[in-house]
Amino acid sequence: MASVTAEDIKCELDTFNIAFNNDTVDKMLEQCLCHRLGGEEIVCEWFAFSSSREQLPLTLENLDQFEHEILNKKKKPKGSSKGIQFNKTRDINSIQELIRAEEEEESLLDSYSTPAKGSQKRALTTPEHPQSKRGVARLASPSLLLSPASFSSSATPSQKYGMRSGRGEVVLSFGAVQGPRWTGKGWSAVRVELLEEGENSLISSYKYMFQRLRDVRDVLTEKIEELGEELRSHFNIEEFSPVSLPVQDSITVLGQVCCDSNGKLNAQSVLLEAGQEQGGRLVPVNLSELKEFSLFPGQVVVMEGMNPSGEKFVATKLYEGIPLPFYCPSEAKQEMDEVSEPVMVMMACGPYTPSESLTYDPLIDLITIINKDHPDVCILFGPFVDSKHEQIEVNQVLCVFEITEIKTFFIMATIKPFDVQPFQQKNQVTETFENIFKRCVDSIVEGTKGSGCRLVFVPSQRDVHHHYIYPQPPFSLTNLSKDDSARVTLAPDPCTLLIGNVTFGLTSTDIVFHMGAEEISSGTGTERFSRIMKHMLTQRSYYPLHPPAEEVNMDYDKFQQFGQMNLTPDILIVPSELRYFIKDVIGCVCVNPGRLTKGQVGGTYGRLLIQPNPVLVEGKRVSPCIAGQVVKI
């Protein structure tokens, strides 16, 4: 299915003369992503739904009802998205059509050679970025390093990105809206370090693809037992009974939520998988007696209820998980951190290019903003070289056929005439993916040197040049100078970061989107994003969903070691394709800054003002987050 945009939905709504506003369109776009629907399909479904109820107006409340009654009951298509993409990338005819579109003929190996020096010396100047003499002196290095000609001979700046509106507009505010000044001090003395150290920190690459099913089972069983013991002691439960035990009295059971098929979880397909100590059985669960619930596959829960026949458990009470305590710094660390003034933290998530061009205009704009606002810390999430970018996808396919060119030729020649000439035509990308990434990092480090901003780089599984595994090791940058290394932190995905004495939970994996597509709820009275964030905190995991989304390649042994929360972070940053938000969830400020680009147009970034040393008021801990904003690039 092609990606859905807000404009597609607006066009379809206009077709049916349905009144709408930006909030309702954003909500429908979120539903499209969660339920894998197209713009035309969701509008038709809404029209049918509203017509059967005397033309319901399009409001956020009615859309929630529409999702609960219609969308949550729709089944996923049998074919997986991964399989579709695999077939697409291996289709010979489509590859030939893509390559025939090139203008010049040149060997595939030559297309990967280093470009001429002249192309590297051309500075990027567009109407969007006029280069004054002062600007050239300060940002010459990023502009040169990110020149589109150095990556692609046919790259041109994105017209839609250059014509975007609302630049610098604050689209969301949190906390103290009036008063805070959104500029940092630059060259701040605030400490930035990974909270986990030594063996508890993922600091280098590791071997993967060697896990056994038995090891996966052991990890999941241990997770059930650990969380179960915490719930048992907190709620003073004497013991857990086997979930399949046929009894007439009420019992308390422990297990993990599962789905009875490969489709989306719904109220009729919930199974409870008990731990090994409780028999390890799978039993269907009847949720009709619960007044409210919010469940997702992989969630560890404790339920009260009856199982008269031993074949189906009727739940009457659901115990919620318990979050971990917050970070409590030692007196020595409090004395080490002498910063008492508010600290400004900026965050942005890739892609850093528009979808139709390899020009890094959005990244250059972000560097300009950093130099203007002087944030104390800037957290940058991947992807920096996006594997889902149109031109990068084409080049990945071409690399496959370069390696297997002769073999592919002989295989296809036995089926139908095959023309190898298109594979000798010129490629759009003229740099290796590693070199493109190196230029991005060099441009950021050099371009922000004058601001004194501390930089944190977090990889993404969409980074085409990096390890495709979760948890994901940090980037390796061996060419940084001593001064640059002092202000650059290379973090894994996920991780817990310490800025001053404030803890930041970071993950670039889109857990909000993945859980939003699988979670079911009834009668909770809270909106979806808050429920998902609460699940992450109470399940004490950066990725509590099991089985994971198809695009997540999980190593369970390392996940058990590096993917769990050791404490409740003060601030949890979870960039997502879904709508941006800043929310206080059980004392933790959860932030989705959005992505820096959304298709062919600009996206958003986030910024926070924090008190580096959390304080107590009347014995109660006060959130260190003073204010937050989401801003259009």
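An account of the accompanying structure is given in this report. All values derive from a computational prediction rather than experimental measurement.

Considerations on the layout of surface pockets
Approximately 730 Å³ is the volume found for the second largest pocket. Lining the second largest pocket are 27 residues, and of these Lys27, Glu30, Asp64, Glu527 and Arg528 lie nearest its centre. When contributions to the lining of the second largest pocket are tallied by element, the ones reaching two or more residues are helix 2 (22–35), helix 4 (60–69), strand 15 (520–522), helix 19 (528–539) and strand 17 (581–585). Taken together, the residues that form the lining of the second largest pocket break down as seven nonpolar, eight polar and 12 charged.

With respect to the nonpolar core
Membership of the largest hydrophobic core comes to 40 residues, with the highest contact counts inside it found for Leu366, Leu380 and Phe457. Of all elements in the fold, only strand 9 (343–349), helix 13 (361–373), strand 10 (377–381), helix 16 (433–447), strand 11 (454–458), strand 21 (604–610) and strand 24 (625–632) reach the threshold of two or more residues within this core. Ranked by residue count, the leading element in this core is helix 16, at seven residues. What Leu366 contacts, discounting residues up to four positions off in sequence, is Met346, Ala348, Tyr352, Leu380, Leu596 and Ile633. Counting residues in each nonpolar core, the second largest holds 32 residues, with Cys34, Met533, Leu572 and Val574 among its members.

Comments concerning the pattern of salt bridges
Summed over the entire model, instances satisfying the criterion amount to 26 salt bridges. Between Arg191 and Glu193 there is a salt bridge, with its nearest N and O atoms 2.7 Å apart. By relative accessible area, Arg191 is classed as buried at 13%. The partly exposed category is assigned to Glu193, whose relative accessible area is 25%. For Arg540, the salt bridge is made with Glu230, and the minimal N-O distance between the two is 3.9 Å. One end of the pair, Arg540, is in the loop between helix 19 and helix 20 (556–562); the other, Glu230, is in helix 11 (residues 213–234), and 310 residues separate them in sequence. Judged by relative accessible area, Glu230 falls into the partly exposed class, the value being 37%.

Examining the packing of aromatic side chains
On inspection of all chains with the given rule, the structure shows 15 aromatic pairs. Judged by centre distance (5.8 Å) and plane angle (70°), the ring pair of Phe384 and Phe437 falls under edge-to-face. Residue Phe384 is found in the loop between strand 10 and helix 14 (390–403), and its partner Phe437 is found in helix 16; the two are separated by 53 residues along the sequence. For the pair formed by Phe384 and Phe437, the shared burial category is buried. Over the ring of Tyr206 we find Lys558; its NZ or CZ atom is 5.3 Å from the centre of that ring.

Focus on the pairing of strand 18 (residues 588–592)
Counting buried positions along strand 18 gives five out of five residues, so the element sits mostly inside the fold. Going residue by residue along strand 18, you find Cys588, Cys590 and Asn592 tucked away on one face and Val589 and Val591 tucked away on the opposite face as well. Pairing of strand 16 (residues 571–573) with strand 18, which is carried by three bridges, proceeds in the parallel orientation. By the bridge assignment, Ile573 is partnered in strand 18 with Val591.

A few points about the packing of helix 13 against helix 16
Relative orientation of the contacting elements helix 13 and helix 16 amounts to 20°, with a least axis distance of 10 Å. What the angle tells us is that helix 13 and helix 16 run roughly parallel. Of the two possible hands of crossing, helix 13 and helix 16 adopt the one that is right-handed. Contact residues: helix 13 offers Leu363, Ile367 and Asn371, while helix 16 offers Cys440, Ser443, Ile444 and Gly447.

Calculation notes
- Residues numbered from 1 in each chain as written.
- Predicted model: local features only at pLDDT ≥ 70, side-chain atom pairs only at ≥ 80, totals over all residues.
- Heavy atoms only, no water.
- 1 Å grid on protein atoms, 1.4 Å probe; cavity = no way out; pocket = protein on both sides within 12 Å on 5 of 7 lines; lining within 4 Å.
- Points joined across faces, edges and corners; volume = space filled by probe spheres on them.
- Helix = DSSP H or I, 4+ residues; strand = E, 2+ residues; numbered from the N terminus.
- Nonpolar A, V, L, I, M, F, W, Y, C, P; charged D, E, K, R; others polar.
- Core = buried A, V, L, I, M, F, W, Y, C linked by side-chain atoms within 4.5 Å.
- Buried < 20%, exposed > 50% of the residue type's maximum accessible area, 1.4 Å probe, protein only.
- Contact = heavy atoms within 4.5 Å.
- Salt bridge = Lys/Arg side-chain N within 4 Å of Asp/Glu carboxyl O.
- Phe/Tyr/Trp six-rings, centres within 6.5 Å; stacked < 30°, edge-to-face > 60°.
- Lys NZ or Arg CZ within 6 Å of the ring centre and 35° of its normal.
- Pairing = 2+ DSSP bridges.
- Axes fitted to C-alpha atoms, helices over the stretch in contact; angles between N-to-C directions.
- Parallel < 35°, antiparallel > 145°, perpendicular 65-115°, else oblique.
- Left-handed = near helix turned anticlockwise from the far one by under 90°.

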